[in-house]
Amino acid sequence: MPDAGFDCIIVGGGHAGSEAAVALAKLGFSVLLISGNLDRLGYLSCNPAIGGLAKGHMVREIDALGGMMGLWADAAGIQFRTLNMSKGPAVRATRAQIDREAYQRALKKTLYSTPGLRLWQDTVTDVATAAGRVTGVRTGQGLEFAARHVLLTTGTFLDGRIHMGLTSLPGGRLGDAPALGLSDSLRALGLALGRLKTGTTPRLLRSSIDFSRLEEQRGDSPAPAFSFHGPGPVLPQVSCHITWTTARTHEIIRGGFERSPLFTGVIQGVGARYCPSIEDKVARFPQRERHQIFLEPEGLDS
């Protein structure tokens, strides 16, 4: 890896980091993307889905600006739907269930073949500065890379913690280490840090589910595409399924509140406004007799 310096160093290889890296490289800048695990570039940590209300519009806007997410989603989508078709055009949105491994393949193919973009597997521990300006980054391997600009797209990894019931451990996601040290570096530069919370969906064994008792949710035919520039969806399309909680479900959930980090004060971060966990729904809406549950595939072969 040359030490002559880069126009920009990007820290993190998720949606934002990958998109930014390709965009800058396309504009002719020299770019270094640093990720703690290059095997996990573009890994969809939570539910592998792209789009929906607001986010679907964002993907289209990225595509209109020459970005990649719409193309990657079309290459990896296994169910495409247009939401709110019974309402006016302004509130309709495309949503795609994604094959996680196919999305990674599409994203990696782009990143590894983009001229001017270099990749390095390491953990960034410190933002280097001189005379009040950013000069690069230092890494866990004891290396220093120089750059005129540094872009942090760390997602859930920045001093990340994982909560499972009463168990709490450091992690960017399950199986991946958090980015430690970088938070202290940012605080030393005078930046105030907060903490946000996301909830990861439980994984279920496909063969353990009796799909005949569930409501089938098919995709649209023909499938809508995200990108205006590509061939559209290319993978086989599959169904999602819907079921509902019951009074017995709610009784079991309420019985576990004392072991839930949401209600014991262990989690201090602010949760997602429009994606509450099921125990949060049961607590916030006790008058509701049932809540909708979506069962969605993580891939064609997962």
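As a reminder, the structure under discussion sits directly above these lines.
Residues numbered from 1 in each chain as written. Predicted model: local features only at pLDDT ≥ 70, side-chain atom pairs only at ≥ 80, totals over all residues. Heavy atoms only, no water.

Caption draft 1: Layout of the nonpolar core. The biggest cluster of nonpolar side chains holds 29 residues, and the ones touching the most others in it are Leu33, Ile50, Ile98, Tyr103, Leu111 and Leu117. For this core, the secondary-structure elements that each account for two or more residues are β1 (6-11), α1 (15-26), β2 (31-35), α3 (69-76), β5 (93-98), α4 (100-113) and β6 (117-121). Counting residues per element, this core draws most heavily on α4, which supplies 5 residues. Leu32, Phe145, Leu182 and Leu186 belong to the second-largest nonpolar core, a separate cluster that totals 12 residues. (Core = buried A, V, L, I, M, F, W, Y, C linked by side-chain atoms within 4.5 Å. Buried < 20%, exposed > 50% of the residue type's maximum accessible area, 1.4 Å probe, protein only. Helix = DSSP H or I, 4+ residues; strand = E, 2+ residues; numbered from the N terminus.)

Caption draft 2: Region of the structure containing the pairing of strand β4 (residues 77-83). Burial analysis of β4 places 5 of its 7 residues in the buried class, the great majority of the element. Two strands pair when backbone bridges link them, and β4 and β5 are joined in this way by 6 bridges, in the antiparallel orientation. Residue pairing for β5: Thr82 is matched across the bridge by Thr94. (Pairing = 2+ DSSP bridges.)

Caption draft 3: Highlighting α3. Counting buried positions along α3 gives 6 out of 8 residues, so the element sits mostly inside the fold. Of all the positions in α3, only Met69, Gly70, Trp72, Ala73, Asp74 and Ala76 are classed as buried. Taken together, the buried residues of α3 touch α1, β3 (49-51), α2 (55-64), β4, β5 and α4. (Contact = heavy atoms within 4.5 Å.)

Caption draft 4: Seen up close, α1. With 12 residues, α1 extends 17 Å between its outermost C-alpha atoms, agreeing within 8% with the 16 Å of an ideal straight helix rising 1.5 Å per residue. The set of residues buried in α1 consists of Gly17, Ser18, Glu19, Ala20, Ala21, Val22 and Ala25. Downstream of α1 by one or two residues, Gly28 has phi in the positive range, about 95°. (Expected span 1.5 Å × (residues − 1).)

Caption draft 5: Representation of the packing of α1 against α4 in the model. Interhelical geometry of α1 versus α4 gives an angle of 30° and a closest axis separation of 10 Å. Comparing the axis directions of α1 and α4 gives the class roughly parallel. The interaxial crossing formed by α1 with α4 has left-handed handedness. For the pair formed by α1 and α4, the contact residues are His15, Ser18 and Val22 on the first element and Tyr103, Leu107, Thr110 and Leu111 on the second. Within the contact of α1 with α4, the residues separate by chemical class into 4 nonpolar, 3 polar and no charged. (Axes fitted to C-alpha atoms, helices over the stretch in contact; angles between N-to-C directions. Parallel < 35°, antiparallel > 145°, perpendicular 65-115°, else oblique. Left-handed = near helix turned anticlockwise from the far one by under 90°. Nonpolar A, V, L, I, M, F, W, Y, C, P; charged D, E, K, R; others polar.)

Caption draft 6: Just the side chain of Asp99, in detail. Within the fold, Asp99 resides in the loop between β5 and α4. Within the structure, Asp99 has its side chain in polar contact with the backbone nitrogen of Glu101 (distance 3.1 Å). A polar side-chain atom of Asp99 sits 3.0 Å from the main-chain amide nitrogen of Ala102. Residues in contact with Asp99, not counting those within four places in the same chain, are Ala76, Ile78, Leu235, Glu298, Gly299, Leu300 and Asp301. (Polar contact = N/O pair within 3.5 Å; in protein donor to acceptor, adjacent residues only side chain to side chain.)

Caption draft 7: Examining the sheet that holds β2 more closely. Pairing is mixed across the open sheet formed by 6 strands, whose spatial order is β6-β2-β1-β9-β8-β7. With one partner strand each, in any of the chains shown, β6 and β7 (124-130) form the two edges of the open sheet. Across the sheet, the mean angle separating the axes of adjacent strands is 40° when strand polarity is ignored. Running over the sheet, α1 touches β1, β2, β6 and β9 (144-152) and is turned about 165° from β2.

Caption draft 8: Summary view of the packing of aromatic side chains. A complete count under the given rule lists 4 aromatic pairs for this structure. Ring geometry for Trp72 versus Tyr103: centroids 6.2 Å apart, planes at 80°, classification edge-to-face. A residue pair is termed long-range when its members are at least 10 positions apart, and Trp72 in helix α3 and Tyr103 in helix α4 qualify at 31 residues. With relative accessibility at 2%, the residue Trp72 sits in the buried group. Relative accessible area serves as the criterion here: at 0%, Tyr103 is assigned to the buried category. Over the ring of Tyr43 we find Arg40, and its NZ or CZ is 4.3 Å from the ring centre. When the ring centre of Tyr43 is taken as origin, the NZ or CZ atom of Arg100, which lies over that ring, is 4.7 Å away. (Phe/Tyr/Trp six-rings, centres within 6.5 Å; stacked < 30°, edge-to-face > 60°. Lys NZ or Arg CZ within 6 Å of the ring centre and 35° of its normal.)

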